[in-house]
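The residues making up each chain are set out below.
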Amino acid sequence: MEQFLNLLLAALISSSVVGLIVGFLFKRKSETIAAEVKNQFEQNMTMFKSSHVWKEKTVSELLGLINIQFNRTKRASDRYTDTNLFLEAKVLKEGNQTIRNLLLEKAYLIPSELMKEANDLIEHYDVWLEEFNKQRDAENPNLNQKFIYAGPQGFLFPRKAEKKFKDKYQELWNELYA
């Protein structure tokens, strides 16, 4: 019987030691997994916040302002008759220049899928502004020119680019605020 108790005691002690070792290993493994999950969550949250901040900046500092200028210049163009130098110089020129400058100064906010359209708009506005400066020279304006167009130089206004910018503005705005 004493021998049985010794065997039982040895078995209990060894199984307790093995149980402690296995428990320790499981605890360590679960802590490692928990740390990896927490790290992955933090990385995902950082990416989400970064993406959200970029979208907010894109909407508020670029696309929203461009959208307003597109609408402003379109309305001015629709009501333009004969020679309205004030409308042309104040609304159209300022609007075109503002859009061009925003695209150049805030290029880091332009969504990558709109880069071609941004370049098309910049090119059109560069030609339009060059033509405006030629025709409406402050000292000697050519008042016979009815309206400034970049189309005759081969740079028609890129309507598809305007639409894509407006669509992207609406898409991002809806993602953020709708």
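For the structure given in this document, a descriptive report is provided here.

Observations concerning the overall build of the protein
And then number 1: Secondary structure summary: the protein contains four helices and zero strands in total.
And then number 2: Going from N to C terminus, the protein has its helices and strands arranged as α-α-α-α.
And then number 3: On C-alpha atoms alone, the protein measures out to a radius of gyration of 33 Å, which is more than a quarter above the 16 Å that the 2.2 N^0.38 rule sets for 178 residues.
And then number 4: Once the C-alpha set of the protein is aligned to its principal axes, its extents read approximately 125 × 25 × 25 Å.
And then number 5: Among the 178 residues that make up the protein, the fraction classed as buried is 28%.
And then number 6: Excluding contacts between residues fewer than 6 apart, the proportion of contacts in the protein whose partners are at least 24 apart in sequence is 71%.
And then number 7: Summed over all atoms, the accessible surface of the protein reaches about 12200 Å², with 59% contributed by carbon and sulfur.
And then number 8: Here the protein contributes 25 positive and 24 negative side-chain charges, whose respective centroids are spaced 3 Å apart.

A few points about the packing of helix α3 (residues 115-135) against helix α4 (residues 159-177)
The description of two helices packed together rests on the angle between their axes and the distance between the axes.
And then number 1: Two elements in contact, α3 and α4, have axes whose closest approach is 9 Å; the angle formed by their N-to-C orientations is 130°. Viewed along their axes, α3 and α4 adopt a mutual orientation that is oblique. Where α3 crosses over α4, the two elements pack in a sense that is left-handed. The residues of α4 that touch α3, namely those facing Glu117, Ala118 and Leu121, are Ala161, Lys164 and Phe165.

Some words on the packing of aromatic side chains
And then number 1: Under the defined criterion, the tally for this structure stands at four aromatic pairs.
And then number 2: The interplanar angle of 80° and the centroid separation of 6.4 Å between the aromatic rings of phenylalanine 70 and phenylalanine 157 together place this pair among those described as edge-to-face. With phenylalanine 70 in helix α1 (residues 2-79) and phenylalanine 157 in the loop between α3 and α4, this residue pair connects regions lying 87 residues apart in the sequence.
And then number 3: Ring geometry for tryptophan 173 and tyrosine 177: centres 5.5 Å apart, planes at 55°, overall tilted. On the criterion of helical spacing, the pair formed by tryptophan 173 and tyrosine 177 is a turn pair, its members being four residues apart in helix α4.
And then number 4: Residue classification places tryptophan 173 among the partly exposed residues on the basis of a relative accessible area of 33%.
And then number 5: For tyrosine 177, a relative accessible area of 42% puts it in the partly exposed group.
And then number 6: The structure contains a cluster of three or more aromatic residues connected by ring pairs, namely Phe70, Tyr125 and Phe157.

So, how was this worked out
Residues numbered from 1 in each chain as written. Predicted model: local features only at pLDDT ≥ 70, side-chain atom pairs only at ≥ 80, totals over all residues. Heavy atoms only, no water. Helix = DSSP H or I, 4+ residues; strand = E, 2+ residues; numbered from the N terminus. Rg over C-alpha atoms; globule rule 2.2 N^0.38 Å. Buried < 20%, exposed > 50% of the residue type's maximum accessible area, 1.4 Å probe, protein only. Contact = heavy atoms within 4.5 Å. Areas by Shrake-Rupley, 256 points an atom, 1.4 Å probe, with all protein chains shown as cover. Lys, Arg positive; Asp, Glu negative; His and termini not counted. Charge placed at Lys NZ, Arg CZ, Asp CG, Glu CD. Axes fitted to C-alpha atoms, helices over the stretch in contact; angles between N-to-C directions. Parallel < 35°, antiparallel > 145°, perpendicular 65-115°, else oblique. Left-handed = near helix turned anticlockwise from the far one by under 90°. Phe/Tyr/Trp six-rings, centres within 6.5 Å; stacked < 30°, edge-to-face > 60°.

That's the geometry; what it means functionally is another story.
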